[in-house]
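Next come the chains, spelled out residue by residue.
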Amino acid sequence: MRTKHRKKNKINIVTLGCSKNLYDSEVLMGQLKANQKEVVHEEEGNIVVINTCGFIENAKEESINTILEFVERKEEGEVDKVFVTGCLSERYKPDLEKEIPNVDQYFGTRELPLLLKALGADYKKELVGERLSTTPQHFAYLKIAEGCDRPCSFCAIPLMRGGHKSTPIEDLVTEAQKLAAKGVKELLLIAQDLTYYGLDLYKKRALADLLKELVKVEGIQWIRLHYLFPTGFPEDVLDLIRKEPKICNYIDIPLQHIADPVLKSMRRGTTKERTDKLLHLMREKVPGIAETLDWAAALSGLDLDRLDRDPVALQASLICLLKTRADQAAITPEVTARLVGQAAE
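Residues numbered from 1 in each chain as written. Predicted model: local features only at pLDDT ≥ 70, side-chain atom pairs only at ≥ 80, totals over all residues. Heavy atoms only, no water.

Asker: Talk me through the environment of Leu159; I want residue IDs and the actual numbers.
Answerer: If you trace the backbone, Leu159 turns up in helix 5 (residues 157-161). Along the backbone, Leu159 and Cys87 are 72 residues apart, and their C-alpha atoms lie at a distance of 8.9 Å. When near neighbours in sequence (up to four residues on either side) are disregarded, Leu159 contacts Glu90, Arg91 and Arg110. (Helix = DSSP H or I, 4+ residues; strand = E, 2+ residues; numbered from the N terminus. Contact = heavy atoms within 4.5 Å.)

Below, the structure written as structure tokens:
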């Protein structure tokens, strides 16, 4: 009697969006591997999980197009099942279920156990720090918190990721040790807001405390900080960057704007004066520090003509941004005019 062999499933994880999404995909893959599932990242597989982004219009469009692509492949018999998770699914799940019903199931950003169940796996709480890395061996992202409590008027992250939730220091150290054992040399610390780290768990800003423990991890040579919100910036972190050779002289800080009316409309909780003081303090405490300053030239819905009269708020913003690199690039009226023109377009 001939026995019918069941085809072994291969789960393909497709990641869209930011490094936080990539980290989540790596955690999902680690859970699946612990459940003896065959899992790959952006390769061929008969079961597809799309980890979507829903932050800006271009990202939404890319996510929807990717979903439609794999739904079409499912209808043509190239894949068996399509699951969707991530920010777009969290924010627009009812709409997606209505408009693209051929997806097998949609999941939000906080439904990992349910997603695993749909994939025939169990969520294993004991897998602290276990994940399948998709980055080159020498570096890895380390997500130290999830969600955001900031009230920024232009941002939907709290809707998609929930409120801020810090990961305990001991769990992050364990994860860093496991990464180091795999050959990772550089940790890129990420979160929606590194500045807020610890306020929920330790009732204080505890990023410096976390860094003091991470630098002790044998094998880790560099630690790089990404996305430090300017409001409530923990100044003790600057002292640690200056003193500790393992922490890179680098900060990624999303200023977004410098004009007070725009900052107020954005609900950023800061002012031009406070931003100037923070930038001065950073360069005073850590000479030669490299900065990535995320910037938005304008905010939808504002009366830019009113803002740009005297002085031209947009031009002032761009000049301020350029002045943070005055030692590296000459500022000329022609350069400023060109930037203002591009931003206005």
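After presenting the structure, the write-up continues.
Asker: I'd like a description of the sheet that holds strand 6 (residues 139-143), backed by residues and values.
Answerer: Ordered in space as 6-9-10-11-12, the five strands form an open sheet in which the pairing is parallel. A strand with exactly one partner marks an edge of an open sheet, and here the two such strands are strand 6 and strand 12 (290-295). With strand direction ignored, the average angle separating the axes of adjacent strands in the sheet is 20°. Looking at chain direction, strand 11 (residues 247-256) and strand 12 are connected through six bridges and run parallel. Opposite Ile253, over in strand 12, you have Leu293 as the bridge partner. Against the sheet, helix 6 (residues 169-181) touches strand 6 and strand 9 (186-190), its axis set at about 165° to strand 6. Sheet strands in contact with helix 8 (residues 207-214) are strand 6, strand 9, strand 10 (222-225) and strand 11, and its direction is about 165° off that of strand 9. (Pairing = 2+ DSSP bridges. Axes fitted to C-alpha atoms, helices over the stretch in contact; angles between N-to-C directions.)

Asker: Which residues make up the nonpolar core, and what are the values?
Answerer: Counting residues in hydrophobic clusters, the biggest one holds 44 residues, and the most contacted among them are Ile144 and Leu189. Looking at this core, the elements with two or more residues in it are strand 6, helix 6, strand 9, helix 8, strand 10, helix 9 (236-243), strand 11 and helix 11 (272-285). Top element by residues in this core is helix 6. It accounts for six residues. (Core = buried A, V, L, I, M, F, W, Y, C linked by side-chain atoms within 4.5 Å. Buried < 20%, exposed > 50% of the residue type's maximum accessible area, 1.4 Å probe, protein only.)

Asker: Lay out the packing of aromatic side chains in plain terms, naming residues and giving numbers.
Answerer: This structure, assessed with the given rule, holds two aromatic pairs. Residues Phe83 and Phe107 carry aromatic rings whose centres are separated by 6.4 Å and whose planes lie at 45° to one another, so their mutual orientation is tilted. Pair noted here: Phe83 is in strand 4 (residues 81-86) and Phe107 is in the loop between strand 5 (105-106) and helix 4 (112-118), with a separation of 24 residues, a long-range link. Like Phe107, Phe83 is buried. Ring centres 6.0 Å apart and planes at 90° place the aromatic pair Phe139 and Tyr141 in the edge-to-face group. The same class applies to Phe139 as to Tyr141, namely buried. A cation sits over an aromatic face here: Arg150 above Phe229, 3.9 Å from the ring centre. (Phe/Tyr/Trp six-rings, centres within 6.5 Å; stacked < 30°, edge-to-face > 60°. Lys NZ or Arg CZ within 6 Å of the ring centre and 35° of its normal.)

Asker: Please set out the packing of helix 2 (residues 57-75) against helix 3 (residues 87-99) residue by residue, giving values where relevant.
Answerer: Between helix 2 and helix 3, the shortest axis-to-axis distance is 11 Å and the interhelical angle comes to 80°. It follows that helix 2 is roughly perpendicular to helix 3 by the angle criterion. Side by side, helix 2 and helix 3 meet where Lys60, Ser63, Ile64 and Ile67 of the first sit next to Leu88, Arg91 and Tyr92 of the second. Across the contact of helix 2 with helix 3, the residue classes tally to four nonpolar, one polar and two charged. (Parallel < 35°, antiparallel > 145°, perpendicular 65-115°, else oblique. Nonpolar A, V, L, I, M, F, W, Y, C, P; charged D, E, K, R; others polar.)

Asker: Give me the lowdown on the pairing of strand 4, citing residues and values where you can.
Answerer: Counting buried positions along strand 4 gives five out of six residues, so the element sits mostly inside the fold. In terms of strand pairing, strand 3 (residues 47-52) meets strand 4 through six bridges, oriented parallel. Its bridge partner being in strand 4, Thr52 is matched across the sheet by Gly86. Tracing the backbone out of strand 3, into helix 2 and back to the parallel element strand 4 gives a crossover that is right-handed. Across two bridges, the pairing between strand 4 and strand 5 is parallel. Across the sheet, Val84 pairs through a bridge with Tyr106, a residue of strand 5. (Right-handed = clockwise from strand over helix to strand, strands pointing away.)

Asker: Tell me about the pattern of salt bridges, residues and numbers included.
Answerer: In the structure shown here, the tally under the stated rule is 22 salt bridges. For Glu44, the salt bridge goes to Arg73, with nearest N and O atoms at 2.8 Å. Residue Glu44 is located in the loop between strand 2 (38-41) and strand 3, and its partner Arg73 is located in helix 2; the two are separated by 29 residues in the primary sequence. In this structure, the salt-bridge partner of Glu90 is Arg110, at a minimum N-O distance of 2.9 Å. Of this pair, Glu90 sits in helix 3 while Arg110 sits in the loop between strand 5 and helix 4, and the two are 20 residues apart along the sequence. Residue Glu90 is classed as partly exposed on the basis of its relative accessible area, which comes to 24%. Linked through salt bridges whose partners overlap, the residues forming this network are Asp24, Lys143, Glu146 and Arg161. (Salt bridge = Lys/Arg side-chain N within 4 Å of Asp/Glu carboxyl O.)

Asker: With reference to specific residues and values, describe a negative patch on the surface.
Answerer: Together, Glu69, Glu72, Glu75 and Glu76 make up a negatively charged patch on the protein surface. Within the secondary structure layout, Glu76 lies in the loop between helix 2 and strand 4. Given the relative accessible area of 49%, Glu76 is considered partly exposed. (Patch = residues over 30% accessible without salt bridge, like charges linked within 9 Å, V, L, I, M, F, W, Y side chains within 5 Å. Areas by Shrake-Rupley, 256 points an atom, 1.4 Å probe, with all protein chains shown as cover. Lys, Arg positive; Asp, Glu negative; His and termini not counted. Charge placed at Lys NZ, Arg CZ, Asp CG, Glu CD.)

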